[in-house]
Amino acid sequence: MRLIDVLFAVPELLVALLAIAVFGSGTANVVIAIGLASAPSYARLIRSQVLTVRESEFVQAARTVGRHPLHLIARHVMPNTLGPVLALAAVSAGGAVVAGSALSYLGLGPPPPAPDWGSMLADGQSFLQTAWWLVLFPGLAIAAVVISASVVGRSLRTRST
């Protein structure tokens with residue numbers, strides 16, 4: 001967990017940029033870089049949920065009955081940890097879209113024939129005075145996905161708690 005605490009001190013976009021510098025650009029590498037950048041949040045949440053569920057009464061009762069530790073993990077700990085993790089994933093999806101678009105805007109995303117909102121924003125930036133819609137619609141698409149993911153994530157978060 002000390003390594004996770006150190007990674008929390010570094011901004012996620014900087015971690016993603018470092019991963020892109022190591023792995024190179026491209027669609028798969030952008031996904032890996034964003035996943036590595038957001039991993040500390042998931043690690044901390046999973047650890048706290050496992051520690052909480054592990055000390056709950058139903059797990060203690062199953063342990064007292066003599067259930068195998070793998071049974072406890074598969075039957076009790078994992079299902080009760082999954083809800084908050086899915087809620088975090090839904091809330092973080094918007095940030096991942098913004099991070100992917102930012103990396104593509106900087107030219108570190110998929111190569112030019114691949115359609116990407118960040119590269120569309122970068123390409124349309126030079127035509128902003130004459131063809132403003134080239135920037136407006138990719139920007140609105142990014143905003144719509146981020147807002148939708150946030151709404152879904154917040155509703156999942158209220159259901160999981």
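Residues numbered from 1 in each chain as written. Predicted model: local features only at pLDDT ≥ 70, side-chain atom pairs only at ≥ 80, totals over all residues. Heavy atoms only, no water.

## Focus on helix α2 (residues 12–23)
The end-to-end C-alpha distance of α2, which contains 12 residues, comes to 16 Å, matching closely the 16 Å that a straight helix rising 1.5 Å per residue would cover. Those residues of α2 lying buried are V15, A16, A19 and I20. Considered in projection along α2, the buried side chains sweep an arc of 140° and stay on one side of the axis. Structural note: α2 exposes L18, A21 and V22 on the side pointing more than 90 degrees away from its buried face. The elements touched by buried residues of α2 are α3 (27–54) and α5 (69–105). Immediately downstream of α2, the backbone of G24 shows phi near 95°, a positive value. (Helix = DSSP H or I, 4+ residues; strand = E, 2+ residues; numbered from the N terminus. Expected span 1.5 Å × (residues − 1). Buried < 20%, exposed > 50% of the residue type's maximum accessible area, 1.4 Å probe, protein only. Arc of directions from axis to C-beta. Contact = heavy atoms within 4.5 Å.)

## Description of the nonpolar core
Formed by V15, A16, A19, I20, V30, A33, I34, A37, A99 and L103, the largest nonpolar core amounts to 10 residues. Of all the elements in the fold, those that place two or more residues in this core are α2, α3 and α5. Sequence-distant contacts of A19, defined by excluding residues within four places in its chain, comprise G24, A33 and L36. Counting residues in each nonpolar core, the second largest holds 5 residues, with V53, V59, L72 and V77 among its members. (Core = buried A, V, L, I, M, F, W, Y, C linked by side-chain atoms within 4.5 Å.)

## Here we look at a nonpolar patch on the surface
Taken together, the side chains of F127, L128, W132, W133, L134, L136, F137 and L140 make up a nonpolar region of the molecular surface, amounting to roughly 800 Å² of accessible area. When you line up the elements, W133 lands in helix α7 (residues 133–160). Residue classification places W133 among the partly exposed positions, given a relative accessible area of 41%. (Patch = residues over 30% accessible without salt bridge, like charges linked within 9 Å, V, L, I, M, F, W, Y side chains within 5 Å. Areas by Shrake-Rupley, 256 points an atom, 1.4 Å probe, with all protein chains shown as cover. Salt bridge = Lys/Arg side-chain N within 4 Å of Asp/Glu carboxyl O.)

## So, helix α6 (residues 117–124)
Listing the buried residues of α6 in full gives G118, L121 and G124. Down the axis of α6, the buried side of the element spans an arc of 135°, and every buried residue falls inside it. Two or three places before G118, at the start of α6, stands the capping residue D116, its side-chain oxygen 3.2 Å from that residue's backbone nitrogen. (Polar contact = N/O pair within 3.5 Å; in protein donor to acceptor, adjacent residues only side chain to side chain.)

## Let's talk about the environment of M120
With respect to the secondary-structure elements, M120 resides in helix α6. Considering only alpha carbons, one finds M120 and Y105, 15 residues apart in sequence, at a separation of 7.7 Å. If near-sequence neighbours (up to four positions away) are discounted, M120 is found in contact with P115, L134 and P138.

## Things to note about the side chain of H76
With respect to the element layout, H76 can be found in helix α5. Not counting residues within four places of it along the chain, the set of residues in contact with H76 comprises V53, F58, V59, A62 and H71.

## Digging into the packing of helix α4 (residues 57–65) against α5
α5 packs onto α4 with a crossing angle of 180° between their chain directions and a minimal axis gap of 11 Å. Considering the angle they form, α4 stands roughly antiparallel to α5. The segment α4 lies against α5, with F58, V59, A62 and R63 engaging L72, H76 and N80. Residue composition of the contact of α4 with α5, by class: 4 nonpolar, 2 polar and 1 charged. (Axes fitted to C-alpha atoms, helices over the stretch in contact; angles between N-to-C directions. Parallel < 35°, antiparallel > 145°, perpendicular 65-115°, else oblique. Nonpolar A, V, L, I, M, F, W, Y, C, P; charged D, E, K, R; others polar.)

## Observations regarding the confidence of the model for the chain
For the chain, per-residue confidence averages 86 on the pLDDT scale, and 99% of positions sit at 70 or higher. Here helix α1 (residues 2–9) is the element of the chain with the lowest mean pLDDT, 79, and α3 is the one with the highest, 89. (pLDDT = per-residue confidence, 0-100.)

## As for the packing of aromatic side chains
Pairs of aromatic rings are described using the distance from one ring centre to the other and the angle between the two planes. Applying the stated criterion to the full structure yields 1 aromatic pair. Residues W132 and W133 carry aromatic rings whose centres are separated by 5.6 Å and whose planes lie at 80° to one another, so their mutual orientation is edge-to-face. (Phe/Tyr/Trp six-rings, centres within 6.5 Å; stacked < 30°, edge-to-face > 60°.)

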